[in-house]
Amino acid sequence: MAFAAQGFERVPIVAEYNINTFARHVVTEQQDLHPSARGSFCWLLNGIELACKIIGEEVRRLGLSRAAGSTGTINVQGEEQQGLDIFANKVLMDCLGSRGNVGLLASEENEEPIVMIEHPEQGEYIVMFDPLDGSSNLDVNVSVGTIFSVYRRAGAHGKALVEEVLQTGRNQIAAGYALYGSSTVIVYTTGQGVHSFTLDPAVGTFVLSHSDMKMPAAGHIYSVNEAYADSFPPYCRRFLHWLKSSDEAYRLRYIGSLVADFHRTLLKGGIFMYPPTSFFPEGKLRLMYEANPIAFLAEQAGGMATNGTGAILDVVPGTLHQRVPLFVGSTQEMTKLRAFIDRPLKV
Ligand code: AFP
């Protein structure tokens with residue numbers, strides 16, 4: 001049944017309380033874009049919202065919950081798993097797997113994509129996620145997040161599963177993150193701008209807090225793990241030197257939790273960088289679970305994201321857990337970085 005037939009009429013809201021919820025925003029946006037749609041995509045995003053509420057609640061109870069601490073196991077990325085990594089992964093698998101329209105799920109925590117619905121016509125969506133990004137910071141109460149990315153399944157009969165999910169970031173139909181910080185927020189895009197919602201704990205609902213967010217065209221913060229600077233490529237080292245000697249008086253902020261570092265960059269502008277290092281020659285961050293969704297949000301907000309040679313969203317993925325260098329931020333800082341990449345010795 002189409003939206004209109006379901007009676008989704010626009011009713012003007014006159015209320016002192018902000019009741020433009022995440023669910024309502026998503027439905028209204030899809031209603032405008034695809035009047036004949038059946039609400040299936042909204043149902044999927046509703047599953048992500050539910051998962052983020054459950055994960056956020058568990059993060060808040062960390063010191064009290066049984067999921068606290070390391071499990072002693074190592075995930076496919078070679079990283080130590082926290083109890084909450086596993087919990088968050090299961091919650092997302094369950095909330096999305098039960099939607100009835102998600103065919104494939106790919107998680108940073110699992111080696112292979114998981115088939116939920118074999119047939120692409122029923123399982124028409126692919127969802128990829130990093131269930132708990134920044135989880136090595138959990139023990140010290142630093143903000144962490146969940147990152148997600150949604151693709152349409154191309155009806156790829158006969159293709160290997162991995163080939164079906166290896167699409168470029170330009171094919172994303174939605175992306176976003178939940179940030180479990182001093183408040184819990186969901187930031188998302190479907191290619192119609194970037195919108196942010198804050199969880200009202202009193203009613204357990206995300207309400208619109210920023211509509212059509214724009215990243216400032218310039219900022220005064222750079223964000224990078226400078227401890228690795230000696231092994232950055234020369235253009236990065238020179239760019240860092242420029243940032244520190246510039247009249248713009250740049251400040252350094254680095255949380256070590258991508259969602260939190262990006263959220264600050266989105267709101268305040270500047271640049272976040274995770275360049276290649278000697279330990280991670282391809283960069284540390286994962287293309288499919290981290291860089292692509294962040295790049296989609298950045299571009300939608302008027303910012304830029306590159307791996308140093310081209311736009312992140314144009315990188316053709318070779319493997320599911322591929323890593324990439326990531327530089328993302330305001331046009332001014334990104335354009336300056338570009339000049340160092342193009343003419344490393346002259347600028
Ligand atoms: P964890 O999820 O293991 O904490 O890793 C977080 C992360 O993938 C990303 O969120 C950070 O930006 C980056 O790693 C921090 O890496 P460094 O500790 O090497 O700076």
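Structure first, text after, so check above.
One numbering rule holds for all chains: residues counted from 1, following each sequence as written. Only residues with pLDDT of at least 70 get local features here, since the model is predicted, and only at 80 or more are side-chain atom pairs given and counted; chain-wide, interface and lining totals rely on the full set of residues. Hydrogens and water are ignored here; the side-chain numbers use all heavy atoms of the structure.

Colleague: For this particular structure, what's the right way to read the layout of surface pockets?
Modeller: A probe as big as a water molecule, rolled over the atoms, marks out the empty space that is left. Its boundaries defined by the atoms lining it, the largest pocket holds a volume of some 470 Å³. In DSSP terms, a helix is any run of H or I states spanning at least four residues, a strand is any run of E spanning at least two, and both are numbered starting from the N terminus. Elements that contribute at least two residues to the lining of the largest pocket include exactly β2 (80-82), β5 (125-133), α6 (258-268), β13 (271-274) and β14 (285-286). Top contributing element to the lining of the largest pocket by residue count: β5, with 3 residues. Classification convention: Asp, Glu, Lys, Arg as charged; Ala, Val, Leu, Ile, Met, Phe, Trp, Tyr, Cys, Pro as nonpolar; all other residues, Gly among them, as polar. Classifying every residue of the lining of the largest pocket by side-chain character gives 8 nonpolar, 8 polar and 11 charged. In this analysis a 1.4 Å probe is tested at points of a 1 Å grid over the protein atoms alone, and where it fits but cannot get out there is a cavity; an open set with protein on both sides within 12 Å along at least five of seven lines is a pocket; lining residues have an atom within 4 Å of a point. Grid points are joined across faces, edges and corners, and a volume is the space filled by probe spheres set on the points.

Colleague: Explanation requested: the site of the ligand in the structure shown.
Modeller: If even one non-hydrogen atom of a residue comes within 4 Å of a molecule or strand, that residue is called near it. Around the ligand, the surrounding shell holds 15 residues, and the nearest of these are Ser136, Asn225, Tyr228, Tyr254 and Tyr274. Contact between the ligand and Lys284: an oxygen atom at 2.8 Å from a side-chain N or O atom of the residue. Only the protein chains shown count as cover for residues, with accessible areas throughout obtained via the Shrake-Rupley method and a probe of 1.4 Å. Look at the ligand: alone it shows 490 Å² of surface, and the protein chains cover 87% of it. Molecule-in-pocket calls rest on the fraction of atoms, with more than half required to lie within 2 Å of the cavity or pocket grid points. At a threshold of 2 Å from the grid points, most atoms of the ligand map onto the largest pocket. For the shell around the ligand, the residue count by class is 5 nonpolar, 6 polar and 4 charged. Think of a polar contact as two N or O atoms within 3.5 Å of one another; within protein, one of them needs to be a possible hydrogen donor and the other a possible acceptor, and neighboring residues in sequence only count if both atoms come from side chains.

Colleague: Would you explain the packing of helix α2 (residues 40-60) against helix α3 (residues 83-97) in this entry?
Modeller: Two numbers describe a pair of packed helices, the interaxial angle and the distance between the axes. The interhelical angle for the contact between α2 and α3, taken along N-to-C directions, is 155 degrees, at an axis separation of 9 Å. Taken together, α2 and α3 sit at an angle that is classed as roughly antiparallel. Our pair here, α2 against α3, has a crossing hand that is right-handed. Note on element contacts: α3 touches α2 through Leu84, Phe87, Ala88, Val91, Leu92, Cys95 and Leu96, opposite Leu44, Gly47, Ile48, Leu50, Ala51, Ile54, Ile55, Glu58 and Val59. In terms of residue class, the contact of α2 with α3 is made up of 14 nonpolar, 1 polar and 1 charged. Between the N-to-C directions of two axes lies an angle of 0 to 180 degrees, each axis being a line fitted to C-alpha atoms and, for a helix, fitted only over the stretch in contact. Throughout, the term roughly parallel applies to angles under 35 degrees, roughly antiparallel to angles over 145, roughly perpendicular to angles from 65 to 115, and oblique to all others. Left-handed is the label given to a crossing in which the near helix is rotated counterclockwise from the far helix by less than a right angle, and right-handed is the label when the rotation is clockwise. Note on contacts: a residue pair qualifies if any of its non-hydrogen atoms lie within 4.5 Å across the two residues.

Colleague: So what exactly am I meant to see when it comes to the packing of aromatic side chains here?
Modeller: To describe a pair of aromatic rings, you give the distance between the ring centres and the angle between the ring planes. Stacked, tilted and edge-to-face pairs are distinguished by plane angle, under 30 degrees for stacked and over 60 for edge-to-face with tilted covering the rest, among Phe, Tyr and Trp rings (Trp via its six-membered ring) whose centres lie within 6.5 Å. Throughout the structure, instances matching the rule amount to 13 aromatic pairs. Geometrically, the ring pair formed by Tyr235 and Phe327 is tilted, given 6.2 Å between the ring centres and 50 degrees between the ring planes. Linking Tyr235 in helix α5 (residues 234-245) with Phe327 in strand β17 (residues 326-329), this pair joins segments that are 92 residues apart in sequence. Accessibility classification places Tyr235 together with Phe327 in one group, the buried group. Relative accessibility decides the category of a residue: with a 1.4 Å probe and only protein chains considered, values under 20% of the type maximum give buried, values over 50% give exposed, and everything between is partly exposed.

Colleague: What's the story with the environment of Leu313 in this structure? I'm lost.
Modeller: Along the chain, Leu313 falls in the loop between β15 (304-306) and β16 (323-324). Once residues lying within four places of it in the same chain are set aside, the contact partners of Leu313 are Thr168, Gly169, Arg170, Gln172, Asn292, Ala295, Phe296 and Glu299.

Colleague: Explanation requested: unusual backbone geometry in the structure shown.
Modeller: Only a minority of non-glycine residues have a phi that is not negative, and only a minority of peptide bonds are not trans. We note that Asp212 has phi near 45 degrees; this positive angle belongs to a residue other than glycine. Within the secondary structure, Asp212 is located in the loop between β10 (205-210) and β11 (221-223). Accessibility expressed as a relative area gives 41% for Asp212, which makes it partly exposed. Positioned with a positive phi, Ala249 is a non-glycine residue whose angle comes to about 50 degrees.

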